[in-house]
Structures are given as structure tokens and as C-alpha cells.
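A structural walkthrough
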Amino acid sequence: MSATSLLRRASANSPAISAACTGARTLYPTYYERRSHYATATDALTGGENGNKKDKWFTLPPFASTIDGSAIGKDISRRRSGNRGESPTSTTTALKWVTRCCPQLPRSLVQKLFRLRQVTCCSCWTFTNKCVRREFAVTATDLAQVQERKVRRVAAKDSMELGDRIFLPITVQASPSEKAECVCNEEELKFLYSLELYKDPAIIVVNKPPGMPVQGGIGIKRSLDELAGVYLRDEYSEPPRLVSSCVFLPYADSKHVYQSLTRKVHRLDRDSSGILVMGRTQLSATVLHSIFREKTAEASGDDLDRKQRVLQRRYWALVIGSPRRPEGLISVPLGKVVMDNGTSERITVVDNVQTSSSQLAITKYRVITSSSHGFTWLELSPLTGRKHQLRVHCAEVLGTPIVGDYKYGWQAHRKWKQMPFSDLKDLKEKLPKGKTSPFDLDLEGGSISEKHPHLHLHCKEMVLPDVSMALQRAQSSSDCDLAELESLKLVAPLPSHMQRSWDTLNT
């Protein structure tokens, strides 16, 4: 069968292929428009219905133009700061396209295919004995030269071109999901839904409770991202995504095989609480990541006095002692120190940046109110997003560790004396005997009236650009103006233990 007849047959059986061949563009593709499908053309390429099963492939739709979320995030930040950003052109890697088309596949499986160099790029309608392959777009001018193209491997970081197609082994259809679906009882579901602060087509914002981990890991049964992926996705086919970045680093034994590493961009520590923003799609999560990253890049420069910032975060913290000044700016480098033979790590202030690796961390602080009992309420505004930044700045720079921070304020807590008035009696009346809190969280204890208080650090306010509106404008016009984009102001009430400490100190 000639290549021309084969292309005509594939176009007739697959609307997605026909649209790609006529140059159709999809600026804001939904999951259903790019869902994985098994192309009829592959039967012809592998010998029809009588062909060997191992030669059949699970076919992804042709790559179509998409909005570049990273460019949109940079555009928002630069336009707000007076610099015009670049147009949001599409730059999608092979790894991103596979995960976008197949969100049901475990990310570890997709990464393994790339890591084992089983992803190949081949000429149109040409097959080799590999598990995953990519097919070039075909136009009328180069149709005669299709068979002359050489087969080459596709790396995870390679950019996709319009019309490119990727084939996965048919066995991926039977692959299990990343995690088994978690089950919640009625009380836990009610509690989970009560955490929602805001949601629109692009983002969902929750008030993270203290004690609940944001992301899963060893020894963690249920995390907030797992619960959100099952119960807070509504009608969306994609689960809410944490704001993180994916970087590609070569393995030690190869310069050509890359591993994908995820770096945290917007997280809350397990014992802290407050506003947590998640993207409802991969595109919106990419925009959020770019906004958070640009915030740190701008703050690391010289423009610290700019009042109108794209992203603003305000934390409330109860600290032991009082800063020397009622307000100020902390700007010191932070570095990681490995302890206990590599089993734990600690973030600390780096004195000599020439000999140690470090990152500049900047925080604005303001005293809200002081107490005669030796405590102070602070408002902390991080201008950069470093790990444990606020906790280290309070403990090591201001000399006022956060209440309940036993990692960086352990010396101050060795002398801890609980307040003479206790609310333990009231707590016992609130919780009936034998009844536990949702997800086994200690939501009733932890105030300064107890012997072991919880961490008093809460993300209370956040000002964030309207990502949903930005995507709508980018969808309608490739040269949209994002300079006057409105912002969302999010507010999260204090957790119960911090509210009781506030009431106790103001009594």
C-alpha cells in the first residue's frame, strides 16, 4: 500500500489526524480532545488484524499547538513590573505531552520508558522493534521523502513539533494507576470539603490544616494532594496538581539518558497551615509555577522596593520573645547542612557564600502585637521561596523562634513553661469520649496553654493574579494584554490552636 493511500486511510478513520494535516490549531485543548486513542492506521502498518499483537501500538493524538503556561506566567510578572514579556509560544516536551495525554498512567512508568531509551522518533509509517516511537508530521511537499527519514531516539526533554505523534506499547492500557483510591468516611469528606476557600476553572485553593502532609511519601498514608485528586476534582478529568517544577538531569552512567526530578515551588510544611494553591489542569499548574518562580527571581535582584507585586503572601506567626525593631527586611543566604550520617538535614544561615552553596532568602516582617507573657505576633512576607525560610529567619536572624518549632527553636522550648491558665477542660467537653478528629489530626490541642504546643505558622493571606482570566485571554488572542489583569485576594482563617492562643494572650 502506498504512503499516499495510507495517509488518506488514516485521515478518514481519525478526525485528529485529519485536523493535524490541515493545520488545525487547538489553543486550549481539553483532556478529551487529546485523549489517547488506538489509531486504525496502526493495524495497516502492522499487518492488519492478522498481525502479531506485540506489533500493535497505543497511539497518542498528533501534537497540536498549545498555550505555553510558562510564558504566560512570565508575561504576567514582567508586564506588572513594567517590562513587556514575550508572546506565549508553545514549547512542549515529549514527557509533558505523554503525561498530558495520559494522566491516568503512573508518571514513574512514563519516566522509565524514557530512561531506558525506549522512546524513538521514526519516519512516518516506518516501524522498528522498539516500545515507544514518535512519528513526524507529513505534508504534501515532503510526502515523497518520508521513507528517507532516519530513526532516532526521543529524549524526555525534546520539544514536540506540530503533528508529531507518539506510540506507546498496547500494554500500557492495563497499567495500574499511580496509587490506589483512598477511601474517606462521611465525616472526613465533610471536613475535606470545608477546606475549600476558592475555585475557578484554573485553580483550587484550600486551607491546609496543621498536621496533614501536602505530598505523599514513605510512611504517609494519606496526603492532601492525594485526597484532592480523588475528591476535589469535580467534573475535571485531570486531578488538581501541586505547583512544582520538573527538571532533567543526566544519570551518572550516561550523558544522553535523563532523569526527571521534581522540585518544590509552592508547598507548606506538614505542621504549618494556611493557603495552598493547586492547578486544576497541567496548563494552569505550569502558569502558577512560572509566577512563583518569577517572584523569587525578581526578589533576588535589586528591585526590592516595588510596591505592586504580582504575588504577595502574608504569614502569621507567634514567636518566643520580641524582635529589636518593629519591622524590617531580612536578606541572608541559606544553605543545607546534612546531619546524623545523612539521615536528616537542616537549613541554616550561611556566613561564607564563597565556600558553601547557598541561596539568597528575603523576608519582610512586621510586629502585629506583643504580649506581656513574652510572646509576639509577627506578620511575615516571604519575597523568595526557600525551604524553611521563615522558620530559620525567625530563629537564627531575629532570635525569636516560632512557637512549636522544635527543629529550629529547640533550645527555647527546653525552657518552655505552659501558660498558668489551661483550656484542656474545655477541649475534653468538645470531643466526646472515644471520638477522633478527621484523618487522625489533633485539631483541638496545641495552643500555648499546653505543654507541647503545635507549630504556630499560618499562611493567612495571598494576592494572586487571576490565572483563569489570563488563560481565557490567551485563548482568544495570541497577543493578549495581561498588564491590567485583576488579582485575587485570598484569606484563610487561623487554625483552632492559633486562634485559642490569640484569644488567650488577648484575654
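The shown structure was predicted, so the numbers you read here are calculated from the model rather than taken from an experiment.

Moving on, we get to the overall build of the protein. Helix and strand content of the protein: 14 helices and 18 strands. Among the 507 residues that make up the protein, the fraction classed as buried is 49%. A separation of at least 24 residues holds for 71% of the contacts in the protein among residues at least 6 apart in sequence. Here the protein has roughly 25,500 Å² of accessible surface; of this, 49% comes from carbon and sulfur atoms.

By the element assignment, valine 183 lies in the loop between strand E5 (165–169) and helix H7 (186–194). Taking C-alpha positions, valine 183 is 9.6 Å from arginine 222, a pair spaced 39 residues apart along the chain. Non-local contacts of valine 183, meaning those with residues more than four positions away in its chain, are made with Glu188, Arg222 and Tyr231.

Across a regular strand the side chains alternate sides, sitting on one face of the sheet and then on the other. Two elements, strand E13 (residues 327–339) and strand E14 (residues 344–349), share six bridges in a ladder whose sense is antiparallel. Counterpart to leucine 334 in the pairing with E14 is valine 349. Between E13 and E14, which pair antiparallel and follow one another directly, the connecting turn spans four residues, one of which, aspartate 340, has a positive phi of 55 degrees.

Time to look at the packing of aromatic side chains. This model, assessed by the stated rule, comprises four aromatic pairs. Between tryptophan 316 and tryptophan 377, the ring centres sit 6.3 Å apart and the planes meet at 55 degrees, which makes this aromatic pair tilted. Of the two residues, tryptophan 316 is situated in strand E12 (residues 312–320) and tryptophan 377 in strand E16 (residues 375–382); the sequence distance between them amounts to 61 residues. Of the two residues, tryptophan 316 and tryptophan 377, both sit in the buried class. Measuring from centroid to centroid gives 5.6 Å for tryptophan 316 and tryptophan 502, while their planes differ by 35 degrees, and the two rings are tilted. With tryptophan 316 in strand E12 and tryptophan 502 in helix H14 (residues 496–505), this pair connects stretches of sequence that are 186 residues apart. Its relative accessible area of 16% is what places tryptophan 316 among the buried residues. Exposure remark for tryptophan 502: the relative accessible area of 23% places this residue in the partly exposed category. Among the aromatic residues, those joined into a cluster by ring pairs are Trp316, Trp377 and Trp502. Lying over the aromatic face of tyrosine 408, lysine 407 brings its terminal NZ or CZ to 5.9 Å of the ring centre. Positioned over the ring face of tryptophan 316 is lysine 460, at 4.9 Å from the centre of the ring.

The next point concerns the side chain of threonine 376. The residue threonine 376 is located in strand E16 in this model. Within the structure, the side chain of threonine 376 is placed 2.6 Å from the backbone oxygen of glycine 321, a separation counted as a polar contact. Sequence-distant contacts of threonine 376, that is, excluding residues within four places in its chain, are made with Ala317, Leu318, Val319, Gly321, Ser322, Pro323, Val367, Thr369 and Ser370.

One way to put it is that H7 packs onto helix H8 (residues 224–231) with a least axis distance of 12 Å and a crossing angle of 95 degrees. Classified by the angle between their axes, H7 and H8 sit roughly perpendicular to one another. Of the residues in H8, those touching H7 at Leu189, Leu192 and Tyr193 are Leu224, Leu227 and Tyr231. For the contact of H7 with H8, the class distribution of residues is six nonpolar, no polar and no charged.

Sheet topology places strand E6 (residues 196–199) next to strand E7 (residues 203–208); three bridges connect them, and they run antiparallel. Of the residues in E7, the one forming a bridge with glutamate 196 is valine 206.

Here histidine 388, not a glycine, exhibits a phi torsion of approximately 55 degrees, which is positive. Relative to the assigned elements, histidine 388 resides in the loop between E16 and helix H10 (389–397). Taking relative accessible area as the criterion, histidine 388 reaches 14% and is therefore assigned buried. Residues other than glycine seldom take positive phi values, yet aspartate 440 does so here, at roughly 60 degrees. Turning to its location among the elements, aspartate 440 is positioned in the loop between helix H12 (424–430) and strand E17 (457–465).

A word on helix H6 (residues 107–115). Residues Val110, Gln111, Leu113 and Phe114 constitute the buried set of H6. The buried residues of H6 occupy an angular sector of 155 degrees when projected down its axis, which confines them to one face. Remark: arginine 117 follows H6 within two positions and exhibits a positive phi of approximately 60 degrees.

Below, the discussion takes up the environment of alanine 202. Tracing the backbone through its elements, the reader meets alanine 202 in the loop between E6 and E7. C-alpha of alanine 202 to C-alpha of threonine 281: the two residues are 79 residues apart in sequence and 6.7 Å apart in space. Discounting chain neighbours no more than four positions away, the residues touching alanine 202 are Met278, Gly279, Arg280, Thr281, Ser284, Val467, Ser468 and Leu471.

Cut-off values and rules
Residues numbered from 1 in each chain as written. Predicted model: local features only at pLDDT ≥ 70, side-chain atom pairs only at ≥ 80, totals over all residues. Heavy atoms only, no water. Helix = DSSP H or I, 4+ residues; strand = E, 2+ residues; numbered from the N terminus. Buried < 20%, exposed > 50% of the residue type's maximum accessible area, 1.4 Å probe, protein only. Contact = heavy atoms within 4.5 Å. Areas by Shrake-Rupley, 256 points an atom, 1.4 Å probe, with all protein chains shown as cover. Pairing = 2+ DSSP bridges. Phe/Tyr/Trp six-rings, centres within 6.5 Å; stacked < 30°, edge-to-face > 60°. Lys NZ or Arg CZ within 6 Å of the ring centre and 35° of its normal. Polar contact = N/O pair within 3.5 Å; in protein donor to acceptor, adjacent residues only side chain to side chain. Axes fitted to C-alpha atoms, helices over the stretch in contact; angles between N-to-C directions. Parallel < 35°, antiparallel > 145°, perpendicular 65-115°, else oblique. Nonpolar A, V, L, I, M, F, W, Y, C, P; charged D, E, K, R; others polar. Arc of directions from axis to C-beta.

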